Amino acid sequence: YAWLYNHSDTSRFNELIRAYGFEEHRRKLARELSGGYKTRLALITALAHRPSLLFLDEPTAGVDPVTRKELWDLFYALKGEGTTLFVTTHYMEEAERCDRLAFIYRGKLIALGAPREMKNLLADRDVFEIRTAFRPDVLQGVKSCPGVETFNQFGNVLKVVLRKNHENLGVLTRALKPFGLDPSCVLSAEPTMEDVFVALTHRGGAS
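Report on the accompanying structure. Per-chain numbering applies: the sequence of each chain, read as written, is numbered from 1 onward. Reporting of local features is limited, given that this is a predicted model, to residues whose pLDDT is at least 70; pairs of side-chain atoms are given and counted only at 80 or more, and all residues count toward the totals for whole chains, interfaces and linings. Note that water and hydrogens are dropped before the side-chain values are worked out from all heavy atoms of the structure.

1. Comments concerning helix α6 (residues 136-143)
Right, so step 1: The classification of residues rests on relative accessible area computed with a 1.4 Å probe and restricted to protein chains. Under 20% of the type maximum is buried, over 50% is exposed, and intermediate values are partly exposed. Runs of H or I in DSSP of at least four residues are treated as helices and runs of E of at least two as strands, each being numbered from the N terminus. Of all the residues in α6, the buried ones are Val 138, Leu 139, Gly 141 and Val 142. When α6 is viewed along its axis, its buried side chains cluster within an angular range of 160 degrees and face the same direction. Those residues of α6 that are exposed and angled more than 90 degrees off the buried face are Pro 136, Gln 140 and Lys 143. Each direction from the helix axis to a C-beta atom contributes to the arc, which is the arc of those directions.

Shown next as structure tokens:
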């Protein structure tokens, strides 16, 4: 692969094999490698000719959490060496690891900025977490509250985003009372990157 770019530095190849843990696998065929090692193999072939810019299209898709962490450690190491990485991902928690983000929705760029700048796009919104198991009746109760824009269930937590209003906490707690939920189950929360993306797409991309 490196020879396609007129690079034939075997010391570079051996360096990559050692750095990315391939010393015990160098005699294997690519099809015999695990998913995580196939991703690593794709990465070192892309690095063989010492590129200054590297495009990574969903590099951690389909890998386990441990391998994902290891890959991001490698990405940070590359950044430290001066390589610019352009990463596409559907994982919002991964996107937050980057220095600068671009949200694309339906083929259009809807927001651009550093992670903190992106979260500030919800500065005019209140975010709450409701500690409850999935209940369709509770979802309907929350949906009927004035000011509610989006709501998403994550395990035993219902995340709700509303237009900013000092009465929002009271509105939610009163709406949940008929369903037997105590006011203490409603907590103010910081917006996640996923909250920002969902809110922006709900608004049609307007920030």
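2. A few points about the side chain of Glu 94
Right, so step 1: With respect to the element layout, Glu 94 can be found in helix α4 (residues 92-95).
Right, so step 2: Engagement of the side chain of Glu 94 in a polar contact is seen with the side chain of Thr 89, the distance being 3.1 Å.
Right, so step 3: We call two residues contacting when some pair of their heavy atoms lies within 4.5 Å. Beyond its immediate chain neighbours, meaning those up to four positions away, Glu 94 contacts Thr 60, Arg 68, Trp 72 and Thr 89. Here a polar contact is taken to be a pair of N or O atoms separated by no more than 3.5 Å, where protein atoms must pair a possible hydrogen donor with a possible acceptor and residues adjacent in sequence count only if both atoms sit in side chains.

3. Describing the nonpolar core
Most often, soluble globular proteins have nonpolar side chains that are buried together.
Right, so step 1: Judged by nonpolar contacts, the single largest core of 19 residues is most densely connected at Tyr 20, Leu 43, Leu 47 and Leu 54.
Right, so step 2: For this core, the elements supplying multiple residues, two or more each, are α1 (10-19), α2 (35-47), β1 (53-57) and α3 (65-80).
Right, so step 3: Apart from residues no more than four positions distant in its own chain, Tyr 20 is found in contact with Tyr 37, Arg 40, Leu 43, Ile 44, Leu 47, Leu 74 and Leu 78.
Right, so step 4: Nonpolar cores are built from buried Ala, Val, Leu, Ile, Met, Phe, Trp, Tyr and Cys residues. Side-chain atoms within 4.5 Å join them into one set. Val 138, Val 171, Leu 176 and Cys 185 belong to the second-largest nonpolar core, a separate cluster that totals 17 residues.

4. Section: unusual backbone geometry
Right, so step 1: Despite not being glycine, Arg 50 shows a phi value in the positive range, around 55 degrees.
Right, so step 2: Along the polypeptide, Arg 50 turns up in the loop between α2 and β1.

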